[in-house]
Every structure is written in structure tokens, then in C-alpha cells.
Amino acid sequence: MQDDALSLRHQLVNWLFTPLFLLLLFSTVTGYMAAVSLSNKPYDLVLLERAKLLASRYVMNLENGAAQSIAPIFSEDARAFRYSVHAANGRKLASNGLLPSPRPVDFNQKQPQLRDTQFKGEKLRLVTLPVIRPNGKTILVQAAEPVQARLVLGRSILGNIVIPQLIFIVIAGIAVWIGLKRGFEPLDRLRRAVATRPRNDLRPLDETRAPGEVRPLIQEVNALIARLQAMMDTQRRFIADAAHQLRTPFAGLKAQAELAKREQVSEPVRDALERICVSSQRCSHLVTQLLTLARNEPEARRSAMMELLDLNRISQAIAAHWAPDALQKNIDIGFEAAEIPCPVKGDEASLRDLIDNLIDNAIRYTPSGGKITVRVGYDSVDHGSTWLEVEDNGPGIPLDQRERVFERFHRIPGNNQPGSGLGLAIVQEVIMRHGAQVEIDDGQEGGSLFRIRFPHQGQSDVRP
Ligand SMILES: Nc1ncnc2c1ncn2[C@@H]1O[C@H](COP(=O)(O)OP(=O)(O)OP(=O)(O)O)[C@@H](O)[C@H]1O
Ligand SMILES: [Mg+2]
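Think of each chain on its own: its residues are numbered from 1, step by step along the sequence as written. To label them, take the chains in the order written and letter them from A, then take the ligands in the order written and number them from 1. Local features in this predicted model are restricted to residues of pLDDT 70 or higher, and side-chain atom pairs are both shown and tallied only at a pLDDT of 80 or more, whereas totals for entire chains, interfaces and linings draw on every residue. For the side-chain quantities, the full set of heavy atoms in the structure was used; hydrogens and water were omitted.

Our focus in this paragraph is the site of ligand 1. Close contacts around ligand 1 come from 21 residues, with His285, Tyr365, Arg411, Ser420 and Gly421 the closest. Within 3.5 Å is the distance limit for a polar contact, defined as a pair of N or O atoms, with the added protein rule that one can donate a hydrogen and the other accept it, and that residues adjacent in sequence qualify only through two side-chain atoms. Residue Gly421 places a main-chain N or O atom 2.7 Å away from an oxygen atom belonging to ligand 1. Residue Leu422 places a main-chain N or O atom 2.8 Å away from an oxygen atom belonging to ligand 1. Out of a free accessible area of 590 Å², ligand 1 has 98% covered by protein chains. Counting from the N terminus, the helices are DSSP H or I runs at least four residues long and the strands are E runs at least two residues long. Of all the secondary structure elements, the ones that give two or more residues to the shell around ligand 1 are helix H4 (267-296), helix H6 (348-365) and helix H7 (423-433). For the shell around ligand 1, the leading source of residues is H6, giving four residues. In this classification, the charged set is Asp, Glu, Lys and Arg, the nonpolar set is Ala, Val, Leu, Ile, Met, Phe, Trp, Tyr, Cys and Pro, and all remaining amino acids, among them Gly, are polar. Of the residues belonging to the shell around ligand 1, the class tally is seven nonpolar, eleven polar and three charged. Throughout this document, a residue counts as near a molecule or strand when at least one of its heavy atoms sits within 4 Å of that molecule or strand. Only the protein chains shown count as cover for residues, and the accessible areas themselves come from Shrake-Rupley with a 1.4 Å probe.

All right, on to the state of the cysteines then. When the sulfur atoms of two cysteines come within 2.5 Å, that pair is taken as a disulfide. For the coordinates displayed, the defined rule picks out zero disulfides. There is no disulfide at Cys283, and the cysteine sulfur nearest it, in Cys277, is 12 Å away.

The next subject is helix H5 (residues 311-328). The span one expects for a helix is its residue count, reduced by one, times 1.5 Å. In this model H5 runs 26 Å from its N-terminal to its C-terminal C-alpha over 18 residues, within 8% of the 26 Å that 1.5 Å per residue would give. When the local axis directions of H5 are compared, the greatest deviation, roughly 40°, occurs at Trp322, which is followed within four positions by the proline Pro324. Buried residues are those whose accessible area, probed at 1.4 Å on protein chains only, stays under 20% of the maximum for their type, while exposed residues exceed 50% and partly exposed ones sit between those limits. Taken together, the buried positions of H5 are Leu311, Asn312, Ile314, Ser315, Ile318, Ala319, Trp322 and Ala326. Contacts made by the buried residues of H5 are with strand S6 (307-310), strand S7 (332-336), strand S8 (343-346), H6, strand S9 (371-379) and strand S10 (385-392). Two axes enter the bend calculation: one fitted to the seven residues ending at the residue in question, the other to the seven starting there, and the bend is the angle between them. Should any heavy atoms of two residues lie within 4.5 Å, those residues are counted as being in contact.

What follows deals with the sheet that holds S9. Strand pairing is defined by DSSP finding a minimum of two bridges between the two strands. If you walk across this open sheet you meet the five strands as S7-S9-S10-S12-S11, and the pairing is mixed. The open sheet terminates on both sides in strands that have one partner only, identified here as S7 and strand S11 (437-442). Within this sheet the neighbouring strands show an average axis-to-axis angle of 15°, counted without direction. Pairing between S9 and S10: eight bridges, direction antiparallel. Residue pairing for S10: Ile372 is matched across the bridge by Asp392. To obtain each axis, a line is fitted to C-alpha atoms, and for helices this fit is confined to the stretch in contact; angles are then taken between N-to-C directions over 0 to 180 degrees.

Our focus in this paragraph is the pattern of salt bridges. The salt bridge definition used is simple: a Lys or Arg side-chain nitrogen within 4 Å of an Asp or Glu carboxyl oxygen. Under the defined criterion, the tally for this structure stands at 26 salt bridges. Between Glu407 and Arg404 there is a salt bridge, with its nearest N and O atoms 3.3 Å apart. Take Arg404: its relative accessible area is 40%, and that puts it in the partly exposed class. One salt-bridge network, in which partners are shared between bridges, spans Glu336, Arg375, Glu389, Glu391, Glu439, Asp441 and Arg451.

So, on to the domain arrangement of the chain. In this document the domain limits rely on a domain assignment from an automatic tool or a database. Each domain of the chain was delimited in the assignment, giving domain 1 (4-154), domain 2 (215-296) and domain 3 (307-453). With centres defined by C-alpha atoms, the gap from domain 1 to domain 2 works out at 101 Å.

This is the structure:
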């Protein structure tokens, strides 16, 4: 997985979306606060008017000598509207009992004061109003209403400001998300193109549809691929050349050892010469396999022609060619031909290398007295395709080795036959070149069954 801190998408989301979100949040909060404080103004004015009305009623009643009853004038919302009247010395003159006593500072004010206060767990908006009676004495009128009663307006502000803002944030988020997704589409496409490449495909990446910012990167990667390709070519040529150069000396060595063996020599010298023969034989085999592998690598075969061939004909000839070797080991090799031509679009020399190695393995690893069957067939279902099977009744290949045996130089541990471990690597190269597929199965009588399926090919135009 990619590191989140390095992800471009995360960087963009962080740097675009976080400030956008904070800005919107800020504007929502300040908008809400401004609206609430604006909506407080008319409420406050009404509250102040009521306090003044109360004060003038109270003073009028006092002058008329009937101060007791001022409440009825506000009876319609007695619970919401609270009041109290205090003399300058703090004595309570009238009240509906729902307000705190005034603070000492309130008696020093000359102007009406508005403030928020708390009384018995309830938040109140309170006005204190100093009133000077005709006789020169001051009384203090307090009037208040619960803040709760004002929230109706607040809620409608909430609905009208905050909810549209939230919708706006969500829409902005979706827009940013879609924008990023679309912006990253070319990069995703590039990633998929690289990820789905066959492992030996070293063609340059397509830069034509990449965004301008990414193009220089692709060009650099392509230059890197080209250098890699050149390096691999050099390496392959080196191995091929080295193998080629080694062929003659190894053949010479073997011939000389064979010659020397014919002379009258002591037993230990004969043994040594025998071992030299076997070793030089192995070396020649390794060199041949190396050459075959180099010949079948994709870089080497870029120019080779792919033609329409009949696999039936080719495999029959190869099976016949191996018959003497099989006979020598007392192995029965059979060929089951298809009744119709088996078309394969391919390179005949490569296909020969493939079948050679499969049959060579079958003969080498099947004990004497065993049986090998080579089969070729054509399935007309699914647009038609040709298959080849090489089955033996030898020791078989354990499940956990069935992928590894195709690796270069990998041999199953405990295998006591000589070999270089390159045969199935050659098979693998040929298969990939032909777009074919290989699987290893259990043979019908134990042993192993190599099954190769070539890509779709119609029956027409097969060379007879
Ligand atoms: N038909 C088979 N039956 C049992 N084991 C097999 C068979 N074919 C291949 N193997 C196992 O897979 C290993 C790899 O085979 P591969 O042909 O690549 O190498 P090799 O035969 O050891 O050497 P080379 O073919 O280069 O001489 C072999 O060493 C052998 O252990
Ligand atoms: Mg082999």
C-alpha cells in the first residue's frame, strides 16, 4: 500500500478541502452569531418598552395611592414576563417573585441596562431601569424574559443559514471529490497499463494520453526502460556468446578423453578419464541449454517469423526422433495424433525446443519400463484452439513444485538424474512467446502430465 503521507490525493484533499471546510464552518458560525445578535435587538426593544410601561404604571398607581396591583396588565404572558420593583435602599416594592434581587451596582446606573443572567437554572434576558419619581426619589424597575422564548427566531435562523451552508459544504465536498477522481484518472490508467503488462514486455509506455505534468516522468521512465532493455540485450548476448565459445572446447575435451580411454592405462586413470567424459558431457549439455534459452528469450526472437503451422505434424516427427532414446531405456513412447490439422501460429524452431524438452524430461525422469504418451488435439469449442499433452508414469511433480520447476536452474531436490535445470525455463519462454498456457497435472497412472493450450486459431489456411 502507498504511504498516505505521500499520496497526492491525500495532499490535495488536505490542502483543498480542509481550508474550504474551515472557511465554511467559520462563515456559518459567524453568520449564525450575527443573525442571533441582530434578532435580539427587536426583542430587547420590546422588553425595554414593557419595562418603561410597567414603571409608568407603577409610578402612576403610587401617586394615586394604589401601588398593589400592576401585574394584571401583563397577565397574558405572566410566566414569560417577570418583573420586580425596588426602592433605592433595596427594599422590594413589588414583584411576581420570579427574579433575583438587583445587584448593588444596578442602583448606581442612570440609564437602562440590558444583560443576560441566570436564575434558578434558567437563562434570562434582564433590563434594569432606574426611574425618578415626581418626589425626587429613585426606584429601580427590573423586567426580564427567558432567553428560551427567543429561540423560536433562532431556530428559523438556523434553518435559513446553517442548513443551506451545510448543504453547500456537502456539495463542495462532492465536487472536490469528483474533480480529484477525474483528475487522477489518467494516472490510474497509466498504473493499470503498467500493472497488466506481461513480465517480459519492455515496450515504452504510452505518453500521448497522459497529462502534461506527468509526461516528463513517463519520458524518463521510458528512457530507463530503454536502458534496461539495452543492458538485458548485452547480457543475453554475452551469455549466448560465452556458451557458443564454450561449445567447441567442451566437445574437444570429451573427444580427447574418449580417445585416451582407449589406450592401455591403469584403473585409476581410466576412472578419472570416465569422470572427465561425464563432466564434459554435462557441460556441453548445459551450454546447449543456455544457447537454447538465449535463443528463445523475447529480445532474441523479436524478428523471428510467426507462421501458421500444424502441431500434429511437428510433434509426431519429434516423438519419432526421440523413440531410439526411449527404447534404449526400455520406455514405451506413443503418439496419439489428432484427426484434423492442429493449427498454431508460431515459430517452428521454438516449438521444437519446447516439445524436445518436455519429451527429454519424460524420458529422463521416468524409470526404465515406463510409458510416455504424446497427444495433440484441436478443440473446436470456444473459437477453436490446439493443445499438446506429454504424459508419463514416472515419479510425478509434487504440487508445491509445479510453479517452481519453471524457474531457471531449479531442480526438484532429491532428483538424481543429471540436468541443468533449464529445460522448463525454455518451455516457459516459448509458451509466453506464443501466448499459450501451461499446466502440470497428475498423469493417469501417477507420473506427470504437461498440458499446453495455444491461443485461438481457426482451422483454415493450415499448411498441410
Ligand atoms: N516429467 C517429469 N517427471 C518428474 N519430474 C520432472 C519432470 N519434468 C521435470 N521434472 C523436474 O523438474 C525439474 C526441472 O526440469 P527442467 O527440465 O527445467 O530441468 P532439468 O531437466 O533438471 O535440466 P535440463 O532440462 O536443463 O537438462 C527437473 O530437475 C525435475 O526434477
Ligand atoms: Mg529437463
